[in-house]
Amino acid sequence: MQDSTANDAAWLRGIWEPVSGYLTAQKLVDWALAALVLLVGLLAARLARATFRRLIGVRLRAQHSLVAEKGIFYAVLGLAAITALHAAGADPSVLLGAAGILTLALGFASQTTVSNLISGLFLVGEQALKVGDLIRVGANEGYVVSIDLLSIKLRTFNNVLVRLPNETLLKSEIVNLSHYPIRRLDIALGVAYKEDLGRVQDVLLETAAKNPYCLDEPKPLFLVTGYGDSAVLLQFSVWFTRDTYWESIHRMRQRAFEALTAAGVEIPFPHRSIYAGSVTEPFPVRVVGGEDASGR
Amino acid sequence: MARESAGDLLDDVVAVDCPADPDAVEPRGELVRIAPATPRGVLAITPKLADRPVVARPETTFRLLPGAQIDLFVSTPVWLEVGIDEPPQTILDEASWRLSDTWFGAVTGPGELCYAIHTAARLRLENLPVLPHRAVTKVRLENRAGETVSLERLNLPFPHLSLYADAGGHLWTQVVSVRLEAADKLAEVDLGEGPPGEAREPKRVAGPRLVVHRNILVRAKSAMLD
């Protein structure tokens, strides 16, 4: 019993002595100073970011400002962290050396992250898109809500947030639908072969003229694009500003269809005839309803 | 207040009705209810010019031979501003006739969104139907370039122009002078001090929507004719 008590005391002494040796009053002051330096550094980083945003960031493009703000924030915070470690008694030169090795190790371990980071810098430099643009990447289409160091975030039309890694974007085809101030809407349609194409053109042009959001110039375009199986294939193209484009797509197609129908222009659709062939007997057909069924 | 138009561009019947009983408004179209700052105040309807430049395209090809100096009369629909006087507040600022949009400039930009009208580009005022809801602009064109210039479209800077009413109740804008100095089709634009002499006893009813700066005139120099 006495032996076990003595062993416990020796064990506790073994732990406490190095700790008490390290936790001198001076060390505590150093660590408190380091924490203070880190706190001041955090505040200084936030202040530097806010000052940059107010003085210079407002004159830059949104994504440039965003990248620069993050760079300034982490640079100031990094300096504060090194100063804090120095205040705590650690040798920064050793730390920096270790950081070099650590960076190398992390670099190998985080190739994707670094690739995304560099891709992001290229994307920002290229200025192919900016916050607020409507873009299409693969199957995703939506408004750019943020351009970050590692990814770009889209808000799709059905209000879903899509995160696209910068590396993917750099390798993909990006279609920027709102880069230019005006856009063309192409309506493909077909009319029956018997129709007067000049009259069809007049009806469609009048439809465009009646829509105030349809631009007078550039002029609407009417093209015969081919001869289909059951219709003369046409293309009717009208211009809208990018702000009214999406609202106009549905309306313009609807009005064009209504105007052609009102003008008696036939828009044919494929008819299917069932032929049983010459060898087999014709299908037996029984008429249901009509005069026989009603008895009249 | 209910506004009604027959739908024809040259129709001069634009009825504005202010029934005392809101239930008397026929339930057609969209009903908008407005709460002013104070229940007092007098409702005022003021004609104004378009809130964007208007691009006038001659209905037929119009060529200006070297040295030609002509006056054109262009008629455009006015906007109606409905406001109250105490405190001065605008309730509504709407076109009496919604003109079609058009793009003035390259399809890839730069350019500006304007309204489009097709004008007969009358040389004589008596040939122009003077209608109460349309303002007449006198455009003085002078071709000082040494070659024939085809007038395809004319960009009228309405947001920079004032509107005047004459003794007969007809509406006029400031005179716009366009001088073609060189063959590169850049035009020098001057906005006149007031309405043309054809307007009898004119009174200014609305100032410009945008203050005219020198740089705007320089910009207009390259954008007036295309």
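This structure is a prediction, so every number in the text was calculated from the model and none was measured.

Turning our attention to the overall build of chain B. If you tally the helices and strands in chain B, you get one helix and 18 strands. Classification of the 226 residues of chain B by burial places 29% in the buried group. In chain B, once contacts between residues fewer than 6 apart in sequence are set aside, the share between residues at least 24 apart is 73%.

Here the focus is the overall build of chain A. Tallying secondary structure elements over chain A gives nine helices and eight strands in all. Within chain A, the fraction of its 296 residues that count as buried is 15%. Intrachain contacts of chain A at a sequence separation of at least 6 include 65% that bridge at least 24 residues.

Glancing now at the sheet that holds strand E5 (residues 174-176) of chain A. All names here are of chain A. Pairing in this open sheet of five strands is antiparallel, and the strands run E4-E3-E2-E1-E5 from one edge to the other. Where the open sheet ends on each side, the last strands, each with one partner, are strand E4 (161-165) and E5. Direction aside, neighbouring strands of the sheet carry axes that sit 40 degrees apart on average. Looking at chain direction, strand E1 (residues 134-137) and E5 are connected through three bridges and run antiparallel. Bridge pairing in E5 places Arg-136 opposite Val-175.

All right, on to the nonpolar core then. By size, the foremost hydrophobic cluster in this structure holds 54 residues, and its most contacted members are Leu49(B) and Val54(B). Sort the elements by how many residues they give to this core and strand E8 (residues 232-241) of chain A lands first, with five residues. Residues within four places of Val54(B) in sequence aside, it is in contact with Thr76(B), Cys114(B), Tyr115(B), Ile117(B), Leu156(B) and Phe158(B). By size, the runner-up hydrophobic cluster in this structure holds nine residues, among which are Val124(A), Val144(A), Ile152(A) and Leu169(A).

Residues and elements named next belong to chain A. Along the chain, the position of Leu-134 falls in strand E1. Looking at Leu-134, the number of C-beta atoms within 10 Å reads 20, which means it is buried. Separated by 43 residues in the primary sequence, Leu-134 and Leu-177 have C-alpha atoms spaced 5.4 Å apart.

All names here are of chain B. The three strands are arranged E3-E7-E8 in an open sheet whose pairing can be described as antiparallel. Both edges of this open sheet fall to strand E3 (43-48) and strand E8 (88-95), since each of them pairs with a single strand only. In this sheet, adjacent strand axes meet at a mean angle of 25 degrees when their direction is disregarded. Where E3 lies against strand E7 (residues 79-85), six bridges are found, and the strand directions are antiparallel. By the bridge assignment for E7, Ala-44 is matched with Gly-83.

Residues and elements named next belong to chain B. Residues of chain B with pLDDT of at least 70 account for 78%, and the chain-wide mean is 79. In this model, residues 214-223 is a region of pLDDT below 50 whose contacts with residues beyond four sequence positions or in other chains number 12 contacts. Of the two predicted TM-score estimates for the complex, the pTM is 0.68 and the ipTM is 0.77.

Glancing now at the environment of Lys210(A). All names here are of chain A. Note on placement: Lys-210 falls in helix H7 (residues 197-210). The class of Lys-210 is exposed, set by 11 C-beta atoms lying within 10 Å. Measuring from C-alpha to C-alpha, the distance between Lys-210 and Arg-255 comes to 9.7 Å, with 45 residues separating the pair along the chain.

Here we come to the interface of chain A and chain B. On the chain B side, the residues contacting the 13 residues of chain A number 12 residues. Partitioning the side of chain A that touches chain B into residue classes produces 10 nonpolar, one polar and two charged.

The next thing to look at is the pairing of strand E9 (residues 100-105) of chain B. Residue and element names in this part refer to chain B. Where burial is concerned, most of E9 is hidden: five out of the six residues are buried. Here E9 runs beside strand E10 (residues 111-119); their pairing, made up of six bridges, is antiparallel. Bridge pairing in E10 places Asp-101 opposite Tyr-115. Between E9 and E10, which pair antiparallel one after the other, the connecting turn spans five residues, and Gly-109 there sits at a positive phi close to 75 degrees.

Moving on, we get to the packing of H7(A) against helix H8 (residues 245-262) of chain A. Residues and elements named next belong to chain A. The interhelical angle for the contact between H7 and H8, taken along N-to-C directions, is 135 degrees, at an axis separation of 9 Å. It follows from the interaxial angle that H7 and H8 lie oblique. Note that H7 runs across H8; the crossing there is right-handed. On the side of H7, the interface is formed by Val-203, Leu-204 and Thr-207, while H8 contributes Arg-255, Ala-256, Ala-259 and Leu-260. Taken together, the residues of the contact of H7 with H8 break down into five nonpolar, one polar and one charged.

All names here are of chain A. With 18 residues, H8 extends 25 Å between its outermost C-alpha atoms, agreeing within 8% with the 26 Å of an ideal straight helix rising 1.5 Å per residue. Buried within H8 we find Ser-248, Met-252 and Leu-260. The inward-facing, buried residues of H8 contact strand E6 (182-191), H7 and E8. Within two residues after H8, Gly-264 carries a phi angle of roughly 75 degrees, on the positive side.

Our focus in this paragraph is the environment of Leu42(A). Residues and elements named next belong to chain A. Relative to the helices and strands, Leu-42 is located in helix H2 (residues 25-55). Assessed through the 15 C-beta atoms surrounding it within 10 Å, Leu-42 is described here as partly exposed. When the C-alpha atoms of Leu-42 and Ala-80 are compared, they prove to be 7.5 Å apart, with 38 residues separating the residues in sequence. Discounting residues that sit within four places of it in the chain, Leu-42 has contacts with Leu-77 and Ala-80.

Because each turn of an α-helix spans 3.6 residues, side chains separated by three or four positions end up pointing in the same direction. Residue and element names in this part refer to chain A. Between its first and last C-alpha, H7 extends 20 Å over 14 residues, near the 20 Å set by a 1.5 Å rise per residue. Every buried residue of H7 is listed here: Val-200, Leu-204, Thr-207 and Ala-208. Down the axis of H7, the smallest arc covering the buried residues is 100 degrees, so these residues share one side. With respect to the buried face of H7, the exposed residues turned more than 90 degrees away are Gly-198, Glu-206 and Lys-210.

It is worth spelling out the pairing of strand E2 (residues 140-147) of chain A at this point. Residue and element names in this part refer to chain A. Pairing of E1 with E2 involves four bridges; the strand directions are antiparallel. The residue bridging Ile-135 from the neighbouring strand is Gly-142, located in E2. The loop that links E1 with its antiparallel partner E2 comprises two residues; one of these, Gly-138, has a positive phi angle of about 60 degrees. Both E2 and strand E3 (residues 151-156) contribute to a ladder of five bridges, which runs antiparallel. In the sheet register, Ser-146 faces E3, and the bridge partner there is Lys-153. Between E2 and E3, which pair antiparallel one after the other, the connecting turn spans three residues.

Cut-offs and rules
- Residues numbered from 1 in each chain as written.
- Chains lettered and ligands numbered in written order.
- Predicted model: local features only at pLDDT ≥ 70, side-chain atom pairs only at ≥ 80, totals over all residues.
- Helix = DSSP H or I, 4+ residues; strand = E, 2+ residues; numbered from the N terminus.
- Buried ≥ 20, exposed ≤ 12 C-beta atoms within 10 Å, placed from the backbone.
- Contact = placed C-beta atoms within 7 Å.
- Pairing = 2+ DSSP bridges.
- Axes fitted to C-alpha atoms, helices over the stretch in contact; angles between N-to-C directions.
- Core = buried A, V, L, I, M, F, W, Y, C linked by C-beta atoms within 7 Å.
- pLDDT = per-residue confidence, 0-100.
- Nonpolar A, V, L, I, M, F, W, Y, C, P; charged D, E, K, R; others polar.
- Parallel < 35°, antiparallel > 145°, perpendicular 65-115°, else oblique.
- Left-handed = near helix turned anticlockwise from the far one by under 90°.
- Expected span 1.5 Å × (residues − 1).
- Arc of directions from axis to C-beta.

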